[in-house]
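# Working through the structure, step by step
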Amino acid sequence: MRQRQLFKLLALLLVFALGAAACGGDDDDSSDGDDTTAGDDTGSDDDSSDGDDTTDEGDDPAEETDDDPAEEGDVAEGDVDTEVTEEDPAIERLYGGDISVGLEAEALSLRPWDDTCSAPCYNILTTLFDKLIEQDATGAYQGWLAESIAPNEDFSVWTLVLRDGVTFHDGSPLTAQTIADMFLVQLTGAAGGSNALAAGITDVTATGDLDVTYTLSSPSSAFPAFLSRAPLGMVFEPGSAAADPAAFGDAPIGTGPFAIDKRDIDNETVVVRNDNYWASDPDGNQLPFVDSITFRPIPDEGNRLDALLSGTVDAFETSRQNTVRDARANSDGLTLYEHQGSVASGGFFNTLVPPFDDVRVRQGLNQLNDQDTVIEALGGTGISLPGSQFFSPDSPWFSEAVAAAYPQFDFNAGKALLQEYIDDPGRSDAKTTGDKVDVELSCPPDPTLTAAMQVLEQVWSASELVNVTLTSFDQATHIGMGLSDATNAHCWRFSDDNDPSITFNAGFAPPTEEIAAAAGLPGVVSVVNWANWFNADAFAAVNAATQTDDFAERKALYEKVGLLMAAEAPVWYSGYTATMIATEDSVFGLNSWHMPSGDLGAGHPNAEGRWAEVWVNAG
Amino acid sequence: MGKVILHRLMRLLATLFAVTFLTFSMVSLLPGDPVDVILGQVERTPELEERVRSDLGLDRPFLARYASWLGDSLQGDLGESYINGQEVNQLIKDRVPVTAQLAFMAIVMAVVAAVPIGVLGAYKQGKWQDTVSSAAVQVALSIPNFITAIFFVWIFSVKLGWLPNSNWVRLGDGLVENLKRAIMPATALALTQMAIFSRLVRADMIATLQENYVLAARAKGLSNRYILMRHALRPSSLSLMTIIGINFGALLGGTVIIETLFAIPGLGFGLINAISRRDILVIQGITVFVATVYVVINTVVDLLYTVIDPRIRRS
């Protein structure tokens, strides 16, 4: 009898739980701000930065462009909305509240000079560290901790003037000598060392209390771009960093809007309001608004979205198209901040090895690349636009001419090109005439990437001219194999929203000593020319683009590179990577942070949020 | 007894030596380079690569690196993470309580559920109670724990909003908040364990209930409950004890998926991150720790046999 009662009780409990689950709504327990309005309590009487203190406009290369970059690329349709807009002024800015943010991965460490940084890491680091330069909503570079930055005539020496009155979290002042000392620490770091090399910095000298001079090994009109990112642009306190680098990773000291409160790796990183922060919003409200932010690495995509839907976190970020899709489908009570930047997905061929040393094979495989189906496999239909170049249609650098020239999906035309190679007695892979082409396609073991690669495998194999082998290695191995040219076709992501020179200069340099010598460029060798594709005209154009700050001229040069790439097809594209930060609908301001000049900032490129101007208003 | 302990200790050391050498070898043989993780996809020169490699000690031969690591480890220093410089000792110290708590909760929940189910199944062998419990156990055994976990999250986090599905709170930072976060992952882990344990208890109990001394107890008119609990359960718990020990050790290193799913900063989550970053010393440290605990627990379980069963002690 007792057993029967027990079974009944268990059954009732199960029915109750399932019934409650079916009827229950999503938890609306959002972050709550207190009642303090922005105008009531600034938290500090430091008013050194009031929005009038802007960059020296006459010296800002971005300001000297002939065209307005913002008007160049606004052609995307049917994809994510990347527009950066002002927040509704009617929504009251409130101080207080705590926000919890779910990230797709943990930041490797909090040492900007030492570690490579991606979106999760940038979300944390930009709360702790200010950058010398920032990108505004048009993609142009403006001063952040720098009030101005100006080149000499040939762009080989850059003089930067720092903002006055900025202090680190430990109270020490930011001076020009700080930047010079910081550079010595940056050189010791793995990421800092490699970026200093890429930027060509040979010397950093304090030439005044707030004046810093950067000397470059070769002219670069795009140099400010390097100061807008980690590891060279993020300002940290160099004394403590040099004294104990490992300890600095747990207790970093920057000038950012928040200071570190707790660092529990793989669990939580808590940052708290820096009451002495130098910046204010355009209305004069001292930043930041919220009291604290807790960053949580939640690597599982579905669980991270569930964490937001259940109110476990107040915001999350993703760079997966299917998560963007799922968030859209569950967007009640959420605000979705979407972005489609210039991170182009696809892959590259190792053009130094047969059969990919023959353009007919590369073009043929490109024409057999059914982009729409690949994007569908990635979960990106209606989210990602098909790629055609390193710049998305939302980018000021996007070229319609390159888009038109990029080989479109044409099964029969692709087959014809491959057949021509296969029937060529002098084919480079030394196989018998008529034999199929062998392609080993390598990808990290991500389910959506695997699905996308399976689409390529099917369509390439359907030509009956290609033997496709899929291989899968973890990310670290995948990068290593790309560097060592161990396989012949890699799926990859190209480019970003930064100045093109960052990607292009090293990416198009000679891949080997032999090629460099043959091109009359001895010693100019890059291991990150992933496709090992070298074209002297393209490399000349890439270099010329760093000798001028004229936007139209630079764009024409990058367009030339794009057209050469479309013709020689060293890479293939699927779609551009859409990213998203989603928040409870009580969280505001992520899309509308401002430069010290009052201009709108770059928003949330590639799911990198800027949290200083974010506030919570549950009302 | 002393000889037994000494013998066990020797076996423990040999096992650990084999584990460390094999782990070090396997991790070193894996394709992929920590230097690539550290430098990322940016421009580098061979000199820079060599400098990073030298800083990490990766430029030395495999055996030299292993010998150096082994020497330091014997002095209690498991080294530092290649990626962020964190001491491996501290990393393990931070993570062990988390995974141990999950494993402990899972085992306790599993045992509490498994023993009555197993006893009931044995006592009512062939009857409907046995059929129902066996079917339920089969279902629990068949469903991977991460599927159960996802189902729990959907019900208790997303739909009901009762339990958080991430944001781990350490035990020392609040018992209630900790338990709210631990209950779903621990239960997901427990279900499979419960299924294994209850099948074991049932099988052992069925065998024990055939023993002559049990028949004698019945003949003496002792109650069924008394016979089950006092005469049958204790000798039937030997296999259970063994499997609890083995599975506790296995859970310490086997919670990778559940910890990753719930973003729980335990050993499993640390291990998976270290593998993806080619953080060799962290992989090595966690593996050695798990192997040590595993072997020690098994040794303790073996020794406990003698306490539970006087026949073993006498033999």
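See above for the structure.
Residues numbered from 1 in each chain as written. Chains lettered and ligands numbered in written order. Predicted model: local features only at pLDDT ≥ 70, side-chain atom pairs only at ≥ 80, totals over all residues.

## As for the overall build of chain B
The condition that has to hold: For the purposes of this entry, the term helix denotes a DSSP run of H or I that reaches at least four residues, the term strand denotes a run of E that reaches at least two, and both are numbered from the N terminus. Remark: C-beta atoms are placed from the backbone, and a residue is labelled buried if 20 or more other C-beta atoms sit within 10 Å of its own, exposed if 12 or fewer do, or partly exposed between those counts. The contact criterion used is a C-beta to C-beta distance within 7 Å, with each C-beta placed from the backbone.
Counting its secondary structure elements, chain B contains 14 helices and zero strands. Each helix and strand of chain B, placed in order from N terminus to C terminus, yields the pattern α-α-α-α-α-α-α-α-α-α-α-α-α-α. Overall size of chain B, expressed as C-alpha extent along the three principal axes, is 85 × 60 × 35 Å. In chain B, which comprises 315 residues, the share counted as buried stands at 37%. Taking as baseline every contact in chain B between residues at least 6 positions apart, the subset at least 24 positions apart corresponds to 72%.

## Focus: unusual backbone geometry
A cis amide bond links A230 of chain A to the next residue, P231 of chain A, at an omega of 5°. Within the fold, P231 of chain A resides in the loop between β7 (211-216) and α5 (238-243). Despite not being glycine, A569 of chain A has its phi angle at roughly 50°, a positive value. Note that A569 of chain A resides in the loop between α18 (551-568) and β16 (571-584). Residues other than glycine seldom take positive phi values, yet N167 of chain B does so here, at roughly 60°. A count of 21 C-beta atoms within 10 Å places N167 of chain B in the buried class.

## A look at the interface of chain B and chain A
Rules: Residue polarity follows a fixed list, in which Ala, Val, Leu, Ile, Met, Phe, Trp, Tyr, Cys and Pro are nonpolar, Asp, Glu, Lys and Arg are charged, and the others, Gly among them, are polar.
Across the boundary between the two partners, chain B contributes 41 residues, which contact 51 residues of chain A. Counting only elements with at least two residues in the side of chain B that touches chain A, the list comes to α2 (34-39), α3 (46-56), α7 (145-159), α11 (256-261) and α12 (267-276) of chain B. Looking at the side of chain B that touches chain A, the element that brings in the most residues is α7 of chain B, giving five residues. Looking at the side of chain B that touches chain A residue by residue, the classes come out as 18 nonpolar, 16 polar and seven charged.

## A word on helix α10 (residues 224-253) of chain B
Applicable threshold: What a helix should span is 1.5 Å times the count of its residues minus one. Take the seven residues that end at a residue and the seven that start at it, fit an axis to each, and the angle between those axes is the bend at that residue.
With 30 residues, α10 of chain B should cover 44 Å at 1.5 Å per step; its first-to-last C-alpha distance of 40 Å lies within 8% of that length. At L233 of chain B, α10 of chain B shows its largest kink, close to 50°, and the proline P235 of chain B lies no more than four residues downstream.

## A short note on the environment of R273 of chain A
Residues and elements named next belong to chain A. Along the chain, the position of R273 falls in strand β9 (residues 268-273). We classify R273 as buried; it has 22 C-beta atoms within 10 Å. In this structure, the C-alpha to C-alpha distance between R273 and D261, residues 12 residues apart in sequence, is 9.5 Å. Sequence-distant contacts of R273, that is, excluding residues within four places in its chain, are made with F258, P288, D291 and S292.

## Re the environment of F248 of chain B
Residues and elements named next belong to chain B. Within the fold, F248 resides in helix α10. Under the C-beta neighbour-count criterion, F248 is labelled buried, with 20 such atoms within 10 Å. Linking F248 and F104, residues 144 residues apart in sequence, is a C-alpha distance of 7.3 Å. Those residues in contact with F248 that sit more than four places away from it in its chain are A103, I107 and I297.

## With respect to the pairing of strand β4 (residues 146-151) of chain A
All names here are of chain A. Formally: At least two DSSP bridges between two strands are required for those strands to pair.
The pairing of β4 with strand β5 (residues 157-162) spans five bridges and is antiparallel. Residue pairing in the sheet places P151 in a bridge with W158 of β5. Remark: five residues form the turn of the hairpin made by β4 and β5, two consecutive strands paired antiparallel; F155 in that turn has positive phi of roughly 65°.

## Focus: the sheet that holds strand β11 (residues 315-318) of chain A
Residue and element names in this part refer to chain A. Convention followed: Only the contacting stretch of a helix is used when fitting its axis, a line to C-alpha atoms as for every element, and angles between N-to-C directions run 0 to 180 degrees.
Strand order in this open sheet of 10 strands is β8-β9-β10-β1-β11-β16-β12-β15-β13-β14, and the pairing throughout is mixed. The sheet is open, and its two borders are formed by β8 (258-264) and β14 (466-472), each paired with just one other strand. Neighbour-to-neighbour, the strand axes of the sheet open up by a mean angle of 25°, direction not taken into account. Seen against the sheet, helix α7 (residues 301-309) touches β1 (98-103), β11, β12 (334-349) and β16 and runs at an angle of roughly 155° to β11.

## Focus: the packing of helix α9 (residues 212-219) of chain B against α10 of chain B
Residues and elements named next belong to chain B. Put simply, the test is: Angular relationships are summarised with four words: roughly parallel below 35 degrees, roughly antiparallel beyond 145, roughly perpendicular across 65 to 115, and oblique for the angles in between. Left-handed is the label given to a crossing in which the near helix is rotated counterclockwise from the far helix by less than a right angle, and right-handed is the label when the rotation is clockwise.
Where α9 meets α10, the closest approach of the two axes is 10 Å, and the angle between their N-to-C directions is 155°. The orientation of α9 with respect to α10, classified from their angle, is roughly antiparallel. Two packed elements cross with a definite hand, and for α9 against α10 that hand is right-handed. Contact with α9, carried on its side by Y213, V214, A217 and R218, involves I227, H231 and A232 of α10 and no other residues of that element. Its residues placed into classes, the contact of α9 with α10 shows five nonpolar, one polar and one charged.

## Thoughts on the packing of α7 of chain A against α7 of chain B
Relative to each other, α7 of chain A and α7 of chain B sit at 25°, their axes nearing to 9 Å. Classified by the angle between their axes, α7 of chain A and α7 of chain B sit roughly parallel to one another. Crossing angle aside, the handedness with which α7 of chain A passes α7 of chain B is right-handed. Across the interface between the two elements, N303, D306 and L309 of chain A of α7 of chain A pack against V153, S157 and V158 of chain B of α7 of chain B. Along the lines of polarity and charge, the residues of the contact of α7 of chain A with α7 of chain B split into three nonpolar, two polar and one charged.

## Here's the deal with the environment of D130 of chain B
Within the fold, D130 of chain B resides in helix α6 (residues 128-142). When the C-alpha positions of D130 of chain B and A110 of chain B are compared, they lie 18 Å apart, and in sequence the two are 20 residues distant.

## Some thoughts on the sheet that holds β4 of chain A
Where strands meet in a sheet, backbone hydrogen bonds hold them as pairs that are either parallel or antiparallel. Residue and element names in this part refer to chain A. Here we have four strands laid out as an open sheet, ordered β4-β5-β7-β6, and antiparallel in their pairing. Lying at the two open borders of the sheet, with one neighbouring strand each, are β4 and β6 (201-206). Ignoring strand direction, the axes of neighbouring strands in this sheet form an average angle of 15°. Against the sheet, helix α3 (residues 176-188) makes contact with β5, β6 and β7, and its axis sits at roughly 150° relative to β6, the strand it touches most.

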